[in-house]
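Residue-level structure breakdown
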Amino acid sequence: MYLCLNLGLERGFMNIEDLWRKALNILQNEINPNSFSQMFKNIKPKALTHDTVVLLIENSFHKDAIEKRFFDHISVAVNEVSDIKLKLEIVGVDPGKTKPKANKANIDLHKFTFENFIVGSSNELAFAASKQICDYELNDFNPLYIYSDVGLGKTHLLLSIHRSLTLKNINSIYTSSERFTNEYIEAIKLRKTDEFRKKYRNCEALLIDDIQFLGGKTQTQEGFFHTFNELFLNNKKIVIAGDDPLKLVDLESRLVSRFQSGLVVDIQAPDYETKVAIIDHKCTSFNLTLSEDIVDYVANLCQVNVRQIESIINRLKAMSDEELELYVRRLTMRHKRLSRKWWGLRRKHGKDQCPYCGMNTGGGFCKIHQRDYDEYLGALSTRQNRSFGL
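Presented here is an overview of the structure given in this document.

Each value, and the rule that gives it
Once a new chain begins, its residue numbering starts again from 1 and follows that chain's sequence as written. Residues qualify for local features only when their pLDDT is at least 70, as the model is predicted, and side-chain atom pairs are given and counted only at 80 or more; totals for whole chains, interfaces and linings, by contrast, use all residues. Each side-chain value is derived from all of the structure's non-hydrogen atoms; neither hydrogens nor water enter the calculation. When DSSP finds two or more bridges between a pair of strands, those strands are recorded as paired. Runs of E in the DSSP output that reach at least two residues are strands. Runs of H or I that reach at least four are helices, and both are numbered from the N terminus. Geometry is summarised by axes, namely lines fitted to C-alpha atoms with helices restricted to the contacting stretch, and by angles between N-to-C directions that run from 0 to 180 degrees. What makes two residues a contact is simply this: any of their non-hydrogen atoms within 4.5 Å. One speaks of a salt bridge when a side-chain nitrogen belonging to Lys or Arg is within 4 Å of a carboxyl oxygen belonging to Asp or Glu. Relative accessibility decides the category of a residue: with a 1.4 Å probe and only protein chains considered, values under 20% of the type maximum give buried, values over 50% give exposed, and everything between is partly exposed. Pairing of aromatic rings covers Phe, Tyr and Trp, the last through its six-membered ring, and needs centres within 6.5 Å; plane angles under 30 degrees mean stacked, over 60 mean edge-to-face, and all others mean tilted. Only Lys NZ and Arg CZ are tested; either one counts as a charge over a ring when it is within 6 Å of the ring centre and within 35 degrees of the ring normal. One less than the residue count of a helix, multiplied by 1.5 Å, gives the span that helix is expected to have. An arc is given here, and it is the one of the directions from the helix axis to the C-beta atoms. For this analysis, a polar contact is any N or O atom pair within 3.5 Å, provided that within protein one partner can donate a hydrogen and the other can accept it, and provided that sequence-adjacent residues contribute only side-chain to side-chain pairs. Definition used in this section: a nonpolar core is a set of buried Ala, Val, Leu, Ile, Met, Phe, Trp, Tyr and Cys residues joined via side-chain atoms within 4.5 Å.

This part covers the sheet that holds strand 8 (residues 263-267). The sheet built from five strands is open, its strands ordered 5-6-7-4-8 with parallel pairing. Every interior strand has two partners, whereas the edge strands, strand 5 (172-176) and strand 8, have only one. Recorded for the sheet is a direction-independent mean angle of 15 degrees between the axes of neighbouring strands. With four bridges connecting them, strand 6 (residues 205-209) and strand 7 (residues 237-242) associate as parallel partners. Counterpart to Ala205 in the pairing with strand 7 is Lys237. Its contacts with the sheet place helix 10 (residues 218-233) against strand 6 and strand 7, and it is angled at close to 140 degrees to strand 7.

So, about the pattern of salt bridges. A side chain of one charge can pair with a side chain of the opposite charge when the charged atoms of the two come close. In total, this model carries eleven salt bridges according to the counting rule given. With a closest N to O distance of 3.0 Å, Lys199 and Glu183 form a salt bridge. Of this pair, Lys199 sits in helix 9 (residues 193-201) while Glu183 sits in helix 8 (residues 177-189), placing them 16 residues apart in sequence. By relative accessible area, Glu183 is classed as buried at 18%. Shared partners join several salt bridges into a network, and the residues in it are Arg179, Glu183 and Lys199.

In total, this model carries 13 aromatic pairs according to the counting rule given. With a centroid separation of 5.7 Å and an interplanar angle of 25 degrees, the aromatic rings of Tyr145 and Phe259 are classed as stacked. Separated by 114 residues along the polypeptide, Tyr145 in strand 4 (residues 144-148) and Phe259 in helix 11 (residues 253-259) bring together distant segments of the chain. With respect to burial, Tyr145 and Phe259 carry one shared label: buried. An aromatic cluster of at least three residues, connected via ring pairs, comprises Tyr145, Phe180, Tyr184, Phe196, Tyr200, Phe224, Phe228, Phe232 and Phe259. Above the face of the Phe225 ring, Arg254 is positioned so that its terminal group lies 3.9 Å from the ring centre.

This brings us to the environment of Ser35. Position of Ser35 relative to the elements: it lies in helix 3 (residues 33-39). Placed 31 residues apart in sequence, Ser35 and Ile66 show a C-alpha to C-alpha distance of 9.9 Å.

We now examine helix 2 (residues 16-30). In a regular helix each residue adds 1.5 Å, so 15 residues correspond to 21 Å; helix 2 covers 21 Å between its end C-alpha atoms and thus fits that length. Of all the residues in helix 2, the buried ones are Ile16, Leu19, Trp20, Ala23, Ile26 and Leu27. Projected down its long axis, helix 2 shows its buried positions confined to an angular sector of 120 degrees, all on one face. Where helix 2 begins, the side chain of Asn15 points an oxygen toward the backbone nitrogen of Glu17, at a separation of 3.2 Å.

Attention now goes to the sheet that holds strand 1 (residues 44-48). Overall, mixed pairing links the three strands, which are arranged 1-2-3 in an open sheet. What marks the edges here is a single partner per strand, and that holds for strand 1 and strand 3 (87-91). Neighbour to neighbour, the strand axes of the sheet diverge by 25 degrees on average, direction disregarded. Where strand 1 and strand 2 (residues 52-56) come together, four bridges link them in antiparallel fashion. Each residue of the ladder has a partner; that of Pro45, found in strand 2, is Leu55. Seen against the sheet, helix 2 touches strand 1 and strand 2 and runs at an angle of roughly 130 degrees to strand 1.

This part takes up the nonpolar core. One finds Leu19, Leu27, Phe40, Val53, Ile66 and Ile74 to be the most contacted residues of the largest nonpolar core, which totals 26 residues. If you tally residues by element for this core, the top one is helix 2, at six residues. If sequence neighbours within four positions are ignored, Val53 has contacts with Ile16, Leu19, Ala47, Leu48, Val78, Lys87, Leu88 and Glu89. Ranked by size, the runner-up nonpolar core spans 25 residues in total, among them Phe114, Ala126, Leu144 and Tyr174.

In short, shape yes, function no, at least from these values alone.
As structure tokens, then:
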């Protein structure tokens, strides 16, 4: 530790901040402007002793480079503005004091709440089960297993559960299977398996995402199996999200059978009404106004998952009003041009007939041409997705 002395009054020279600011003014005129802006902006004056000035450089690469290339320049500049002879010392950050990198477990939970989750017929059972498991006194089912294709809301529900339990001061852990695996391997390497077990087995609720990625990791599956059993036998909540349990062929059967022993719920792709509600919600949160035609257009465009909707809304939000109007007009014209092949055929046939062959159907396509029209819609969606960069 360095002792910082206030010598300004006793010795007649400036404090560390003034000293370094004046030294920088000298260095700026001596060093290449590009090198100066890149290398010197992150140097921080750390301490001033009776004969030494200490500078802190947190970036180890910059620290090594500056010590090799500019140490003498800095030393001369510091002594030019000082009334006494000073030695220069450059230090880095103590590795033991570096802040841990942010990870998925430390994600901002304010975005992921039950209130922000749009409920429709495709996800209402998963939503209701997630809400119920937050009532910690009820033990109707355990574990809860949520499965779906990507981008349909599994992670949102898990984080909403985690947030709700945390607000109730319940020790809840949210993690991904990848992070669980990395921590398990690290614990083995550092011989800290006891700490690892204590962390995951002493919690009140464990929520683990993307469980399918434990496939093929035999030793990690063994560790998770025992963690699962310990929590289950002690009536702790377990919530798992991943792929369809019937498709988890790379996981041990004893694990899969335990996943299926509680409540298994799925989330389907959202229907049209749910997609419109999601679009409206996203637009409200982004303070973005879209016409009904554009909302309808985006809802029909996104056939796969909610992330497509978010991607499109983000792109539309980034556009100016003029760009937005021009872009949507161009896409709408393309849609009409491609649709003319089909809907223009209604001129030849009545409203109760198949617009392609004229068969009496009571309205709409016959079975044969309905299939062709569905293929057309798929091709149209693919072209539009490309236009949005999806």
